[in-house]
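Survey of secondary and tertiary structure
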Amino acid sequence: MKVTPLHPHLGAEVAGVELKAMDGATFKQVFDAFQQYSVLVFHDQRLTDEEQMAFTERFGPLEETLKATGKENRLHPKLVDLSNVDPDHDERLMGWGDRRMLYQSGNQLWHTDSSFKPVPAMASLLSGREVPPAGGETEFVSMRHAWDTLPEATRRRLEERVVVHSILYSRSTIARGLFDPEHERELAPVRQALVRVNPVNGRKGIYIGSHAWYIEGMEHGESRRLLDDLLVHTTRAECVLRHRWTRWDLVMWDNRCVLHRGRPWDAERHKRVMRRTTIAGEGPTVEPPFATRTPAWEGIIAQGVGQPRGGTP
Ligand code: OGA
Ligand code: MN
């Protein structure tokens, strides 16, 4: 096995392994590389859905995915299907104007997977089954590096803070009505630590992204400005690791300390079919309560929040 770093802050390419037939000693090396580099890229991994789930489960239990509006559940409930192929017409491609693609376009905002759940995901594994010839890259930044490079005074402001995350908030900045009304009620905002520590190596990182809505105990406008400033700091151009997909790449990332986003492509012309498996987190990041139904929350349900930008990304 050969590990080659891809960027000074995060990411490594791992060569000379086959994910579907890996012995225990090699798996341990992959596990250690993952803790260290946060993003691992493997090429030429022709996995079936079952093989991808089996490899993922070696790290821990799989997370179940959210039911999205306008998508039938064609696949196993523990697989995320990211595809622009129209489920009703096999050969028809959906462009960004298609409502079913709007929900997916939320992936183009910097985020960390399922931070809107009381127990957020530990890691995600994305397999490129059909990839477009241009665009459709996935980008990554390190929230550990972001923490390491913050001024001491800002760090002191962040320690012990709790951030309320909500997918209704993040999706409301794209368009309204992306969830069914009955389903919306189940998606209560959750509380997450603003600073997280990796239990294996003790490294700290901030924990933000598109679902991060406001900081508890801080005036709303001030907390929005702080979250926006932290995102700008974290996602500076020189901090970004960009992955250009080749078919059968498998990329895994550490949701505890990495933000990612997908980039647009010409979705009307080119297929992009990806499968994601997700490793469940080990527990909540704060003390109880884990969810919070505040008046602001009732406000989103009543009329939506944010500035819907509408339409195409
Ligand atoms: C994801 C995701 C981005 C992409 O699978 O969680 O955000 O590039 N994907 O498809
Ligand atoms: Mn994602």
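First, a word on what this report is: a plain description of the structure on this page. (Residues numbered from 1 in each chain as written. Chains lettered and ligands numbered in written order. Predicted model: local features only at pLDDT ≥ 70, side-chain atom pairs only at ≥ 80, totals over all residues. Heavy atoms only, no water.)

1. Observations concerning empty space enclosed by the protein
With the rule as written, the count across this model stands at 2 cavities of 30 Å³ or more. Taken as a whole, the largest cavity holds about 220 Å³ of empty space. Among the elements of the structure, strand S4 (80-83), helix H3 (99-105) and strand S14 (258-262) are those that each provide at least two residues to the lining of the largest cavity. Residue contributions to the lining of the largest cavity peak at 3 residues, all from S14. (1 Å grid on protein atoms, 1.4 Å probe; cavity = no way out; pocket = protein on both sides within 12 Å on 5 of 7 lines; lining within 4 Å. Points joined across faces, edges and corners; volume = space filled by probe spheres on them. Helix = DSSP H or I, 4+ residues; strand = E, 2+ residues; numbered from the N terminus.)

2. Side note on the side chain of Asp 249
Here Asp 249 is to be found in the loop between strand S12 (241-243) and strand S13 (250-254). One buried charged residue, Asp 249, remains without a salt bridge, the closest side chain of opposite sign being Arg 244 at 8.4 Å. Engagement of the side chain of Asp 249 in a polar contact is seen with the side chain of His 243, the distance being 3.0 Å. Not counting chain neighbours up to four residues away, the residues in contact with Asp 249 comprise Phe 42, His 43, Asp 44, Leu 126, Ser 127, Gly 128, His 243 and Arg 244. (Buried < 20%, exposed > 50% of the residue type's maximum accessible area, 1.4 Å probe, protein only. Lys, Arg positive; Asp, Glu negative; His and termini not counted. Salt bridge = Lys/Arg side-chain N within 4 Å of Asp/Glu carboxyl O. Polar contact = N/O pair within 3.5 Å; in protein donor to acceptor, adjacent residues only side chain to side chain. Contact = heavy atoms within 4.5 Å.)

3. Here we look at the packing of aromatic side chains
Following the criterion strictly, the structure yields 10 aromatic pairs and no others. The interplanar angle of 70° and the centroid separation of 6.1 Å between the aromatic rings of Phe 34 and Phe 59 together place this pair among those described as edge-to-face. Within this pair, whereas Phe 34 is found in helix H1 (residues 24-37), its partner Phe 59 is found in the loop between helix H2 (49-57) and S4, the two being separated by 25 residues in sequence. One exposure class covers both Phe 34 and Phe 59, and it is buried. Judged by centre distance (5.6 Å) and plane angle (90°), the ring pair of Tyr 103 and Phe 179 falls under edge-to-face. Of this pair, Tyr 103 sits in helix H3 while Phe 179 is found in the loop between helix H6 (167-172) and helix H7 (181-186), placing the two residues 76 residues apart along the sequence. One exposure class covers both Tyr 103 and Phe 179, and it is buried. In textbook terms, an aromatic cluster arises when at least three aromatic residues are bridged by ring pairs, as seen for Phe 27, Phe 31, Phe 34, Phe 55 and Phe 59. Lying across the ring of Tyr 103, Arg 171 places its NZ or CZ 4.4 Å from the centre. Geometry around Tyr 207 places Arg 196 over its ring, the cationic atom sitting 4.6 Å from the centre. (Phe/Tyr/Trp six-rings, centres within 6.5 Å; stacked < 30°, edge-to-face > 60°. Lys NZ or Arg CZ within 6 Å of the ring centre and 35° of its normal.)

4. Quick word on the coordination of the manganese ion (ligand 2)
Protein ligation of the manganese ion (ligand 2) involves His 111 (NE2), Asp 113 (OD) and His 260 (NE2), the donor distances falling in the range 2.1 to 2.2 Å. Every donor residue of the manganese ion (ligand 2) comes from the same chain, spaced as H-x1-D-x146-H. Of this pair, Asp 113 sits in the loop between H3 and strand S5 (123-130) while His 260 sits in strand S14, placing them 147 residues apart in sequence. According to the relative accessible area criterion, His 260 is buried, its value standing at 4%. (Donors = N, O, S within 2.8 Å, 3.2 Å for Na, K, Ca; no water.)

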